[in-house]
Structure formats: C-alpha cells, structure tokens
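# Summary of structural features
Now for the letters of each chain:
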Amino acid sequence: MARVCEVCGKGRVSGNQVSHSNRHNKRSWMPNLRSVKAVVNGSPSKIRVCSRCLRSGKVERPM
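Notes on the structure follow.

Check the secondary structure of the chain and you find one helix and four strands. Helices and strands appear in the chain in the N-to-C order β-β-β-β-α. Projected onto its principal axes, the C-alpha positions of the chain cover 55 × 25 × 15 Å. Burial status across the chain gives 17% buried among its 63 residues. Pairs at least 24 apart in sequence give 30% of the contacts found in the chain among residues at least 6 apart. For the chain, the computed accessible surface area is about 5200 Å², with 46% contributed by carbon and sulfur atoms.

What follows is the structure in structure tokens.
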C-alpha cells in the first residue's frame, strides 16, 4: 500500500539530510496519514488521508 493521501495525492518527498559539517545523506519526508472512515460514493469506507485534509474539511465523515 502506497503512502499517499487518497484525497489530495500528497506522497513521499525525498531530499538530503545535511549535518552541521555539511555532509549530505539521502532522506525522505512522509505525509502524516490517518486511516479514517469517510463517505466515499455515498457509502462509508476506510481511506488513508493526510491530517491537512482532515483539518480543512475535505473529508466527509459518516454520522
């Protein structure tokens, strides 16, 4: 299962970890995903959503 938000498509971002002595190592930043129940196509189902989409109200939660 990919670490991607199912609402906005936010995924893993890669870059360099830079130390105080300016040495570079590869690293990655992962999105803050939450597994929540949401209404998808009229029926509740579990999806993985980032916390930004949850906070902004882009996810409709079932009653």
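After presenting the structure, the write-up continues.
Here we come to a positive patch on the surface. A surface patch of like charges, here positive, comprises Lys 10, Arg 52, Arg 55 and Lys 58. Take Arg 55: its relative accessible area is 64%, and that puts it in the exposed class.

So, about the nonpolar core. Among the nonpolar cores identified, the biggest contains nine residues, and these are Cys 5, Leu 33, Val 36, Ala 38, Ile 47, Val 49, Cys 50, Cys 53 and Val 59. Elements that contribute at least two residues to this core include exactly strand 3 (33-40) and strand 4 (43-50). With sequence-adjacent residues up to four places away left out, Cys 53 is seen in contact with Cys 5, Val 7, Cys 8, Lys 58 and Val 59.

Reading guide: rules and limits
Residues numbered from 1 in each chain as written. Predicted model: local features only at pLDDT ≥ 70, side-chain atom pairs only at ≥ 80, totals over all residues. Heavy atoms only, no water. Helix = DSSP H or I, 4+ residues; strand = E, 2+ residues; numbered from the N terminus. Buried < 20%, exposed > 50% of the residue type's maximum accessible area, 1.4 Å probe, protein only. Contact = heavy atoms within 4.5 Å. Areas by Shrake-Rupley, 256 points an atom, 1.4 Å probe, with all protein chains shown as cover. Patch = residues over 30% accessible without salt bridge, like charges linked within 9 Å, V, L, I, M, F, W, Y side chains within 5 Å. Salt bridge = Lys/Arg side-chain N within 4 Å of Asp/Glu carboxyl O. Lys, Arg positive; Asp, Glu negative; His and termini not counted. Charge placed at Lys NZ, Arg CZ, Asp CG, Glu CD. Core = buried A, V, L, I, M, F, W, Y, C linked by side-chain atoms within 4.5 Å.

Function cannot be read off these values alone, since they describe shape.
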